[in-house]
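Spelled out, the chains give:
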Amino acid sequence: MMELGFLILCIGAVFALAMREAPLWAWAASGAAVLLVWQSGVLESAAEAGEAGGIGLLAALSWLPVLALAAMSVPSLRRTAIIEPAFKLVKKILPKVSDTEQVALDAGTIGFDAQLFSGKPDWSELRAIPPIILSDEEKAFLNGPTDELCKMIDDWSIRHYDKEVPDEIWDFVGRHGFLGMLISKEHGGLGFSAQAQSLILGKISSRSPDVATIVMVPNSLGPGELIEKYGTDEQKEHYLPRLAKGKEIPCFSLTGPTSGSDAATMRDVGYVEKGMHEGAEVLGVRLSWDKRYITLGPKATLVGLAFELFDPDNLLDDKIKREGDQIGITLALIPADHPGVNIGRRHLPTGSAFPNGPNSGTDVFIPIDWIIGGEAMVGQGWRMLMECLSAGRAISLPASGAAGTKAMLRFTSAYGTIRKQFGYSVAKMEGIEEPMARIVEAAYVNEASRAVTAALVSRGEKPAVISALMKYNATERMRQSVNDAMDIHGGRGICDGPSNYLQSAYQMVPIGITVEGANILTRSLITFSQGALRSHPFLYKEVQAAQNEDAEAGLEAFETAFCGHISYSLSNAFGAFFHNMTGGIFGNVPEKAYGTSHYYRQLWRACRSFAFTADLTVALLGGDMKRKQKLTGRMADALSELYMLSCLLKRYEDDGKPPEDTPVLTLSAQNSLYRFQQALRGTIDNFPVAWARILMRVIVFPLGAPYKPASDKLGHAVVKAVLNPGEHRDRLTRYMYVSHDVNDPTGILEVTLTKMVAAEAAEKKLEKAIRAGTVRRYHGIDWIGDAVTKNVLTEREAQSLRELESLVAKVIAVDHFDPAEVKPHYIPLGHNSKSFEDIAAAE
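Residues numbered from 1 in each chain as written. Predicted model: local features only at pLDDT ≥ 70, side-chain atom pairs only at ≥ 80, totals over all residues. Heavy atoms only, no water.

A.B. asks: Can you lay out the overall build of the protein for me, pointing to particular residues and giving the numbers?
C.D. replies: Counting secondary structure elements, the protein contains 37 helices and nine strands. Looking at the protein as a whole, 54% of its 843 residues qualify as buried. Here the analysis covers contacts within the protein between residues at least 6 apart in sequence; of these, 77% occur between residues at least 24 apart. Carbon and sulfur atoms form 56% of the exposed surface of the protein, whose accessible area is close to 37600 Å². Separation between the mean location of the 86 positive side-chain charges and that of the 99 negative ones in the protein comes to 6 Å. (Helix = DSSP H or I, 4+ residues; strand = E, 2+ residues; numbered from the N terminus. Buried < 20%, exposed > 50% of the residue type's maximum accessible area, 1.4 Å probe, protein only. Contact = heavy atoms within 4.5 Å. Areas by Shrake-Rupley, 256 points an atom, 1.4 Å probe, with all protein chains shown as cover. Lys, Arg positive; Asp, Glu negative; His and termini not counted. Charge placed at Lys NZ, Arg CZ, Asp CG, Glu CD.)

A.B. asks: Tell me about the packing of aromatic side chains, and name the residues and values.
C.D. replies: Within the structure shown, the criterion is met by 15 aromatic pairs. Ring centres of Phe117 and Phe610 lie 5.2 Å apart, and the angle between their planes is 70 degrees; on these two criteria the pair is classed as edge-to-face. Of this pair, Phe117 sits in helix α8 (residues 112–118) while Phe610 sits in helix α27 (residues 597–621), and the two are 493 residues apart along the sequence. Taken together, Phe141, Phe172, Phe178 and Phe192 form an aromatic cluster joined through their ring pairs. (Phe/Tyr/Trp six-rings, centres within 6.5 Å; stacked < 30°, edge-to-face > 60°.)

A.B. asks: Before we move on, could you go through the packing of helix α14 (residues 194–205) against helix α15 (residues 209–216) and cite the residues and values that matter?
C.D. replies: Two elements in contact, α14 and α15, have axes whose closest approach is 7 Å; the angle formed by their N-to-C orientations is 155 degrees. Considered as vectors, α14 and α15 are oriented roughly antiparallel to each other. Between α14 and α15, the contacting residues are Leu201, Ile204 and Ser205 on the first element and Pro209, Val211, Ala212, Val215 and Met216 on the second. When the residues that make up the contact of α14 with α15 are grouped by side-chain class, the tally is seven nonpolar, one polar and no charged. (Axes fitted to C-alpha atoms, helices over the stretch in contact; angles between N-to-C directions. Parallel < 35°, antiparallel > 145°, perpendicular 65-115°, else oblique. Nonpolar A, V, L, I, M, F, W, Y, C, P; charged D, E, K, R; others polar.)

A.B. asks: How would you summarise the pairing of strand β2 (residues 269–277) if you had to cite specific residues and measurements?
C.D. replies: Sheet topology places β2 next to strand β3 (residues 280–295); nine bridges connect them, and they run antiparallel. Across the sheet, Lys274 pairs through a bridge with Leu283, a residue of β3. Here β2 folds back onto β3, and the loop between the two strands holds two residues, one of which, Glu278, carries a positive phi near 55 degrees. Inspection of the sheet shows β2 paired to strand β4 (residues 302–310) by three bridges, in the parallel sense. Its bridge partner being in β4, Val269 is matched across the sheet by Glu308. (Pairing = 2+ DSSP bridges.)

A.B. asks: Kindly report on a negative patch on the surface, identifying the contributing residues and their values.
C.D. replies: Together, Asp154, Asp162, Glu164, Glu168 and Asp171 make up a negatively charged patch on the protein surface. Relative to the helices and strands, Asp154 is located in the loop between α11 (145–152) and α12 (155–162). For Asp154, a relative accessible area of 41% puts it in the partly exposed group. (Patch = residues over 30% accessible without salt bridge, like charges linked within 9 Å, V, L, I, M, F, W, Y side chains within 5 Å. Salt bridge = Lys/Arg side-chain N within 4 Å of Asp/Glu carboxyl O.)

A.B. asks: Give me the lowdown on the packing of α27 against helix α29 (residues 662–685), citing residues and values where you can.
C.D. replies: With their axes 11 Å apart at the nearest point, α27 and α29 run at an angle of 15 degrees to one another. Here α29 runs roughly parallel to α27, going by the angle between their axes. Of the two elements, α27 crosses α29, and the hand of that crossing is left-handed. Contacts between α27 and α29 involve Tyr599, Gln602, Ala606, Ser609, Phe610 and Thr613 from the former and Thr666, Ala669, Gln670, Leu673, Phe676, Leu680 and Thr683 from the latter. A breakdown of the residues in the contact of α27 with α29 according to their chemical character gives seven nonpolar, six polar and no charged. (Left-handed = near helix turned anticlockwise from the far one by under 90°.)

A.B. asks: An account of the environment of Asp337 is requested, with residue identities and associated values reported.
C.D. replies: Note that Asp337 resides in the loop between β5 (326–335) and β6 (341–343). C-alpha of Asp337 to C-alpha of Trp123: the two residues are 214 residues apart in sequence and 54 Å apart in space.

A.B. asks: Describe the environment of Leu714, naming the residues involved and giving the relevant values.
C.D. replies: Checked against the element boundaries, Leu714 lands in helix α31 (residues 712–722). Assessed through its relative accessible area of 15%, Leu714 is described here as buried. With near-sequence residues (within four places) excluded, Leu714 lies in contact with Pro663, Thr666, Leu667 and Gln670.

A.B. asks: Which residues make up the nonpolar core, and what values do they have?
C.D. replies: One finds Met408, Phe528, Phe610, Tyr643, Leu766 and Leu793 to be the most contacted residues of the largest nonpolar core, which totals 125 residues. Here this core takes 13 residues from helix α28 (residues 629–654), the largest share from any one element. Not counting the four nearest positions on each side in its chain, Leu793 is found in contact with Ala762, Lys765, Leu766, Ile784, Ala787, Val788, Ala798 and Leu801. Leu142, Leu199, Met216 and Ile395 belong to the second largest nonpolar core, which has 45 residues in total. (Core = buried A, V, L, I, M, F, W, Y, C linked by side-chain atoms within 4.5 Å.)

A.B. asks: Lay out a nonpolar patch on the surface in plain terms, naming residues and giving numbers.
C.D. replies: Together, Leu4, Leu7, Ile8 and Ile11 line one region of the surface with nonpolar side chains, adding up to about 380 Å² of accessible area. Relative to the helices and strands, Leu4 is located in helix α1 (residues 2–19).

A.B. asks: I'd like a rundown of the state of the cysteines, residues and numbers included.
C.D. replies: Linking two cysteines covalently through their sulfur atoms gives a disulfide. Scanning the model with the defined rule gives zero disulfides in all. This cysteine, Cys251, is not joined by any disulfide, and Cys388 carries the nearest cysteine sulfur, 16 Å off. The class for Cys251 is buried, based on a relative accessible area of 1%. (Disulfide = S-S within 2.5 Å.)

Structure follows, in C-alpha cells:
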C-alpha cells in the first residue's frame, strides 16, 4: 500500500514540476529525493529488504537521468551539449523570413491573443479591457448626425435607380465630419475613438451598406490615416482639413491584376529622376501603374498609390536603405486630375452602388514631395500599410459584420412573429427556430467581440492577429445570418423592391468576405501562421535569435528562449492532459465569476489543449505550415473560438449579467466549445506525423470528445425570448438604427410587432371562432365585422385588429413592377460603353 501511495505521489510531483515550468535543478533534486527514498528501504518490509541485494546495478543506473539533469543545470555544460547543437540545427532548417513577412510580423502589437497562446490566460488582462465607453461628444454624434443620416437614406433608390450614393449624402457626411472621424481635431477632424468609429459605422451599415462604405473607407486604410501618422507637416496642413470635411475624396490604390492577396508582388513601378513640375526642374518619380478594385476611385479627387520604387541613378540620399537600385514599396499622393492619371471607370461589385473601379497611369511624373512622408519615407510603404492595417482591419469590417447580424436578428424576429402559417407565427416552428437561434448567437457573439476588439484599438493597441481573426469571423457569421434570414423570409426576401430590407445586405456579403484579405487567405495563411510566431511566448524569440547576424548574441538569446520553450512545452503537455483527465474542474477562475465559473474553467482547459497542439504543430511542421493550409485553417478556427468565448464572458459581465441574457450566453458558449473541439479534432485526425497524432489524441482527448452543441431545448428558449419587444431584444440589437416610421420598410416591422403583441388576446378569440366555424375568413367577407356581430369581439378589439390586419398586409406584401420598369436603366453595350471585344482589341 505504501508503494502505491509513493507511486501516486511521484506522478503528482512530475505533473506539478511540469505544469509549474520548474527549472532543471528542481527536476534533478526531486529525482534524487525519489531515488533516495526508494533505495533507502523505507518502503520495503524486512523480508523484502533482505532479498534486495540483487538490484545494485539497477539502482546505480537509475541515477543516470538524475545526474544528466544535474549536469544540464550547469550553464556551460548545457550550452555545449544541447543549446549549441540545437542552435545550429535551427539555423540550418529554419526558412529565412522575407522582408515583407518580417514587416508584417513587426507591424502589430501582441495583446490578449498572447494569453490564449500561453495556455494559461490571465483573466485580469481580459477584465482590464475597457467596456463600451463613449465621450459625451461621441454619444451626441452617434444619436444625432448619425441617426439623421440614416433617416435620409433611401436604400432602394441608391441600389436600383441611382446606382450611386447621391450628392446630398456626400454633402451631409462631408459637412458633419463623417469622413474625418480618425483625423485628429488638431487637423480639423473629429478625433473620435476607435470604439466610437466602430459604432457609428455599424449604425450606418444597419441602414445601408453602400453609404457605410463611403464613410468606412476614408476612416480605414487610406490617405487620411497614412498622412496623419507618416505625412510631412506640409502634407498634414494641406490635406487633412480638406479630407476631414469631404473637400477631398480619397481612394487608396493597392491591388492590381497580378497582385491580389499577394500585394507585395505588385508590378507597379516608379523610377527616381529629375523632371519638370510647375515650370521648374525638380527631383521626382516617373510612375507606371495598373490598379483595380479601388473603392471610391471613380469619385476620388486624391489618389493614394502604392508602387515599387527604384533609384537607378542614385539620386536619393545615400543613407536610404536599398538593395542595388531597389528602394522598396513606396506610397504617394496624386491628385486625380494630374496629367496622365486614368480614373473614373467603374466596376460593379455584386451590383452595389458605392463607387469602385480601376485606375492606371503610364510615365506619370510626380515631385518627390508627393511621397507620403517625403523622401525620408521612401521604401517604407509596406511597413506603413501593415501598421495601419493591423488596427484598421479590427474596426471597419467587424463593425459592419456585427451590425449586419444584429439587423438580421431585429428584422427576422419581427417578421417571423408577424408572418403566420398553419395558424401561428412561423418563428415558433421548430424548423425556423434552428436558423433563428443561429442568428441570435451570431448577433451576440459578433457584438461581444466587436466591442472588445474596438476597446483594444481605442487604448492604442494594433492587434494584428486578433484583427485578422475578427475580420474573417465577423463576416462569415454575417454571411450565415443573412442566408438564414433569407431562408426564413422565403419569397418575401428574394423579391427585390423598395420594401425589401434584406437585398442590400445579401448583395454586399461577398464584398465583406473578399476585401481586406480574402477570408480563405486570412483563415488559412495569416491568422494562425502569423499568430504562432507573434503570440507564442518563445517561438519568435528563437527565430530572431537564429537570424541574428551576431552569432554570440544570437546564441545567448536562443538559449534563454529555448530553455523557456522546453519548460513551456512540458507544462502544456502535462497541463493539458491533467485538465482533460479531470474535466477542467481545476481550471483557473477569476474572482466573482458567479454564474460563469464553469465556462472560465472550460476555457482554461481549452487554452491548455490549444497551446499544446499549437506548439507541437509549429515544432513539427515549421516552414511547411505555409503548405498545410487545411491544418492552419482549423487551428485558426480553434484560436477564434477561444477569443470569441473570452469576449462572450466579458460582455456578459460588462452588461451586469442580466438573467434574460443567460440562455444566450449558455447557448453561445456551448456551441463555441463544441466548434473549438471539432477544429482541434480535425487538426489531430489529419496531422501528417503519426506518432504526434497519437500523442495529441491521448493528451487532448484522453476520455473522448467532451463537448456537445447546445440542445434544441436551449435554442427554443433563446428564440422565444427575442420574439417580443423589450429590453432583451433591444440589448441584443443595440447600437443599430431602428425606425418606427410605418412608411419605412423596417419601421413598419417594429410598429406591427408592437401592435400584434398588444392585440394578442383579441386575435386568439378571433382565431378560435374561425376554427370553430362561427366566423369565416375569405376574400369578400368582412370577418372582423361578423365577429363583432356574433359577439366574438368588442368594437374596440375589432378596431385594433383591423389596424393590425392592414399593417400585416403591408409587412408581408411583395413588390411588383410594370414590365417597362424592370428593363435595364443603364447604358447598354454599343452606346458609349466598351464591349468585351473592344477591350480585348485595345489590349
